[in-house]
Each structure stands twice: as structure tokens, then as C-alpha cells.
Amino acid sequence: YFLELFGLKNKNGTFLVIGLDNAGKTTLLRRLKEGTMGTPVPTWYSSKYEFSFGGIYFTAFDVGGHEQVRKVWRTYFPAVDAIIFIVDASDHQRFSEARAELDSLLSDISIPADAPLLLLGNKIDRPTAASEEDLRRWLGVQHRTTGKQLAQAGAAAGIEFQSRPMELFMCSVLQQQGYGEAFRWLTSHMR
Ligand SMILES: Nc1nc2c(ncn2[C@@H]2O[C@H](COP(=O)(O)OP(=O)(O)OP(=O)(O)O)[C@@H](O)[C@H]2O)c(=O)[nH]1
Ligand SMILES: [Mg+2]
């Protein structure tokens, strides 16, 4: 009971990490799984990562973000428990391209309706990185996010999540900053 209260009951989940090429998907997964960044190489073939975080066993798929491989994303949608969509917050020239991909994601009915969507604004260590507020505007999610409270806190406050939980967190995978909180949010919303 106590474990459940603290969200530590034995859970497992499958999620998909997507976003434009160069956003930091592979770097994030290597950090989570191996604790290192390695030498990043663009991803052309999907790979599978297994690791545990906060008492939950995860299977994550890294399918690459180059335009040519984006069509593969959809083939994973029906089987995922959660989706992480990463944006390079310092790459202003590609915000509209990222938004277009996010829009098509949000309108895709093959994603399970209750699968939470975590938006990560990565690379905030770069001086040119957009603020969270600006990135929200660029992605068009200003009035569409769930809030940063964990699901348990929301439930305790009587909040019911009618639609897909979605929230934006800023992070630097390089500096190991921000994504821990984001992951706790994500796992709390996974059923
Ligand atoms: N400054 C900074 N650079 C980062 C950060 N995270 C990743 N990078 C760099 O961004 C580049 C791309 O990272 P990848 O993880 O290969 O990007 P990806 O999203 O997997 O790209 P594709 O596989 O091509 O879709 C690499 O040079 C990383 O070192 C970060 O938080 N800050
Ligand atoms: Mg990659």
C-alpha cells in the first residue's frame, strides 16, 4: 500500500522517444540507461533500450528523427504506454518543423488515448535556448498542457484528467538537469 502511495509499485512501460533529428533522443536514452552520453551518432536504425527508473522497468524505442525515418514512428504508436517528444530548444530555425510534427502526433488516433505525452525542451545549457514560455508558444501548447503536478497530487486535489496528459519540461541532457522531474511526471501519469 505504501509503495503504491509513493508510486513505487511494480510497473513497467513501453515508450517511444521521438523528435526531429539532432534533438538529443539517443543522448537522453544513453544517459538513462548507461549513465554516459557516449559519442552521439545520428540514428538510422531503431534501437531498443531497457532500464529501470523510479522502480519502473522501461522499454524504450529510439527510432531516429531524420525526415526519411519519421514515417516509422507511426508503426510504434499503437503499442506505446507513453511518448516523449524532444525539441532542441536552441534551434530556433526548426521550431516550426518541430511543431508540424507535434501537430500530426496530436491528431494521430492510433496512439492510445490515455498515453501521456512528455514534451522536453532540451539543450537549455546553450545561451540561445528559448525560454519555457517561448517554447510553449512556438509549439502551440500554451493552453493545452496538464500542469506539472504528479498524477497522485492531482487526484488528491480532485482533478480528473479527461484527456491525454501532456506537459512541457525544459532540460539539459548534457548537464543532467531537468529530465528527472519530467520523468517523475511521466511515470506518475502512466497507467
Ligand atoms: N549542448 C547540448 N547538446 C546536446 C544536449 N543533448 C544532446 N546534445 C547534442 O546534440 C547532438 C544530437 O544528439 P543525438 O542524441 O544524437 O540526437 P538524436 O535526437 O538522437 O538525433 P537523430 O538520431 O539524428 O534523430 C549531439 O551532438 C549531442 O551531443 C544538451 O542537453 N545540450
Ligand atoms: Mg539518435
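Residues numbered from 1 in each chain as written. Chains lettered and ligands numbered in written order. Predicted model: local features only at pLDDT ≥ 70, side-chain atom pairs only at ≥ 80, totals over all residues. Heavy atoms only, no water.

- As annotated in an unreviewed UniProt entry, the protein chain carries the name small monomeric GTPase and comes from Macrostomum lignano.
- Under the UniProt heading Sequence similarities (unreviewed entry), the note attached to the protein chain is "Belongs to the small GTPase superfamily. SAR1 family."
- The record in UniProt for the protein chain states the following under Catalytic activity (unreviewed entry): "GTP + H2O = GDP + phosphate + H(+)". (UniProt positions renumbered as here; feature names shortened; annotations may be inferred.)

A few points about the overall build of the protein chain
- Assigned secondary structure in the protein chain consists of seven helices and six strands.
- For the protein chain, the α and β elements follow one another from N to C terminus as α-β-α-β-β-α-β-α-β-α-α-β-α.
- A compact globule built from 191 residues would reach a C-alpha radius of gyration of about 16 Å, and the protein chain, at 16 Å, matches this within 12%.
- Put simply, the protein chain has 191 residues, and 48% of those count as buried.
- Contacts in the protein chain between residues at least 24 apart in sequence constitute 71% of all its contacts with a sequence separation of at least 6.
- Summed over its atoms, the accessible surface of the protein chain is roughly 9,900 Å², and 52% of this surface lies on carbon and sulfur atoms.
- One way to put it: in the protein chain the 21 positive side-chain charges average out to a point 2 Å from where the 21 negative ones average out. (Helix = DSSP H or I, 4+ residues; strand = E, 2+ residues; numbered from the N terminus. Rg over C-alpha atoms; globule rule 2.2 N^0.38 Å. Buried < 20%, exposed > 50% of the residue type's maximum accessible area, 1.4 Å probe, protein only. Contact = heavy atoms within 4.5 Å. Areas by Shrake-Rupley, 256 points an atom, 1.4 Å probe, with all protein chains shown as cover. Lys, Arg positive; Asp, Glu negative; His and termini not counted. Charge placed at Lys NZ, Arg CZ, Asp CG, Glu CD.)

Re the pattern of salt bridges
- Under the counting rule described, the total for this entry stands at 14 salt bridges.
- Between Arg70 and Asp21 there is a salt bridge whose closest N-O contact spans 3.3 Å. Here the residue Arg70 occupies a position in the loop between β3 (56-62) and α3 (73-76), and Asp21 occupies one in the loop between β1 (11-18) and α2 (25-34), the gap between them amounting to 49 residues. Each member of the pair, Arg70 together with Asp21, is buried.
- Between Arg30 and Glu34 there is a salt bridge, and its shortest N-O distance comes to 3.1 Å. Highlighted residues: Arg30 and Glu34, both in helix α2, separated by four residues, approximately one helical turn.
- Each of Asp21, Arg70, Arg94, Glu97 and Glu101 takes part in a single network of salt bridges with overlapping partners. (Salt bridge = Lys/Arg side-chain N within 4 Å of Asp/Glu carboxyl O.)

Quick word on the UniProt feature "binding site: Mg(2+)" (unreviewed entry) in the protein chain
- If you check UniProt for "binding site: Mg(2+)" (unreviewed entry), the listed places come out as Asp21, Thr26 and Thr43 in our numbering. A stretch of 23 residues holds the annotated residues, and the largest C-alpha distance among them is 9.9 Å, short enough that they meet in one place.
- Assessed through its relative accessible area of 15%, Asp21 is described here as buried.
- Discounting chain neighbours no more than four positions away, the residues touching Asp21 are Gly65, His66, Glu67, Arg70 and Arg94.
- Within the secondary structure, Thr43 sits in the loop between α2 and β2 (47-53).
- If sequence neighbours within four positions are ignored, Thr43 has contacts with Thr26, Asp62, Val63, Gly64 and His66.
- A distance of 2.8 Å separates polar atoms of two side chains, one belonging to Thr43 and the other to Thr26. (Polar contact = N/O pair within 3.5 Å; in protein donor to acceptor, adjacent residues only side chain to side chain.)

Quick word on the coordination of the magnesium ion (ligand 2)
- For the magnesium ion (ligand 2), the protein coordination sphere consists of Thr26 (OG1) and Thr43 (OG1), at 2.0 Å. Of this pair, Thr26 sits in helix α2 while Thr43 sits in the loop between α2 and β2, and the two are 17 residues apart along the sequence. For the pair Thr26 and Thr43, one class covers both residues: buried. (Donors = N, O, S within 2.8 Å, 3.2 Å for Na, K, Ca; no water.)

Looking at the side chain of Asn122
- Tracing the sequence through the fold places Asn122 in strand β5 (residues 117-122).
- Overall, Asn122 belongs to the buried group, its relative accessible area being 4%.
- Residues contacting Asn122, with those up to four places away along its chain left out, are Ala23, Gly24, Ile86, Val87, Asp88, Ala89, Ser90, Cys171, Ser172 and Val173.

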